[in-house]
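Letter by letter, the chains look like this.
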Amino acid sequence: MFSLTPDDGGVDEMRLRLTIVSALLHGSRDAAALREVNSSLSSLPATTPASFLRARCLFRCAHRALALKALQTAANGEGSLSTPDARWAHSEAVRMLRAVKQAETKRVRAVDA
């Protein structure tokens with residue numbers, strides 16, 4: 001039976017919204033993607049994929065400090081890691097944080113040299 005009442009806790013809506021965010025990022029519409037992900041996070045429970053995509057949007061909009069905070073949230077795996085999307089976002093966030101740390105280390109070494 002078809003019902004208009006959501007019974008999955010907004011999982012499908014969040015997935016759809018995050019797909020839109022990914023498409024906006026792919027189309028270089030970074031500010032629109034950031035607005036969409038922020039709207040998603042304000043109306044639905046936060047998820048690891050949402051935090052990861054928010055970090056990507058923030059990096060692309062040159063908000064590095066906020067992006068690192070969102071990336072840390074995704075890397076900590078706050079929320080469930082039971083879905084493939086959540087596990088993927090978690091592993092990508094960990095990878096990106098590692099890359100940021102390595103870049104910072106190399107920058108410091110270059111300044112000291």
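Preceding this paragraph is the structure being described.
Residue numbers run consecutively from 1 along every chain, following the written order of its sequence. pLDDT decides what is reported in this predicted model: residues at 70 or higher carry local features, side-chain atom pairs at 80 or more are listed and counted, and totals for whole chains, interfaces and linings draw on all residues regardless. Values reported for side chains reflect all heavy atoms of the structure, with hydrogen atoms and water molecules removed beforehand.

Caption draft 1: Molecular detail of the pattern of salt bridges. Think of a salt bridge as a Lys or Arg side-chain nitrogen and an Asp or Glu carboxyl oxygen that are within 4 Å of each other. Throughout the structure, instances matching the rule amount to 6 salt bridges. A salt bridge links Arg15 to Asp85; its shortest N-O distance comes to 2.4 Å. In this pair, Arg15 is assigned in helix α1 (residues 11-26) and Asp85 in helix α5 (residues 84-112), connecting sequence segments 70 residues apart. Taking the shortest distance from any N to any O, the salt bridge between Glu92 and Arg95 comes out at 2.7 Å. Within this pair, Glu92 and its partner Arg95 are both found in helix α5, separated by 3 residues, close to a single helical turn. One continuous salt-bridge network, built from bridges that share partners, spans Glu13, Arg17 and Glu36. Think of it this way: any DSSP run of H or I at least four residues long counts as a helix, any run of E at least two long counts as a strand, and we number them from the N terminus.

Caption draft 2: Looking closely at the nonpolar core. The definition of a nonpolar core used throughout is a set of buried Ala, Val, Leu, Ile, Met, Phe, Trp, Tyr and Cys residues joined through side-chain atoms within 4.5 Å. Relative accessibility decides the category of a residue: with a 1.4 Å probe and only protein chains considered, values under 20% of the type maximum give buried, values over 50% give exposed, and everything between is partly exposed. Of all hydrophobic cores here, the largest spans 25 residues; its most connected members are Val21, Phe52, Cys57 and Leu71. For this core, the leading source of residues is helix α3 (residues 48-60), giving 6 residues. In contact with Cys57, not counting residues within four places along its chain, are Val21, Leu25, Ala33, Leu34 and Val37. What makes two residues a contact is simply this: any of their non-hydrogen atoms within 4.5 Å.

Caption draft 3: Layout of the packing of aromatic side chains. Ring pairs shown here join Phe, Tyr and Trp side chains whose ring centres sit within 6.5 Å, with only the six-membered ring taken for Trp; geometry is labelled stacked below 30 degrees between planes, edge-to-face above 60, and tilted in between. This model, assessed by the stated rule, comprises 1 aromatic pair. With a centroid separation of 5.3 Å and 85° between ring planes, the pair formed by Phe52 and Trp88 is classed as edge-to-face. Of the two residues, Phe52 is situated in helix α3 and Trp88 in helix α5; the sequence distance between them amounts to 36 residues.

Caption draft 4: Quick look at the environment of Arg54. With respect to the element layout, Arg54 can be found in helix α3. Separated by 36 residues in sequence, Arg54 and Leu18 have C-alpha atoms that sit 9.5 Å apart. Contacts of Arg54, omitting those with residues within four sequence positions, involve Val37, Asn38, Leu41 and Ala70.

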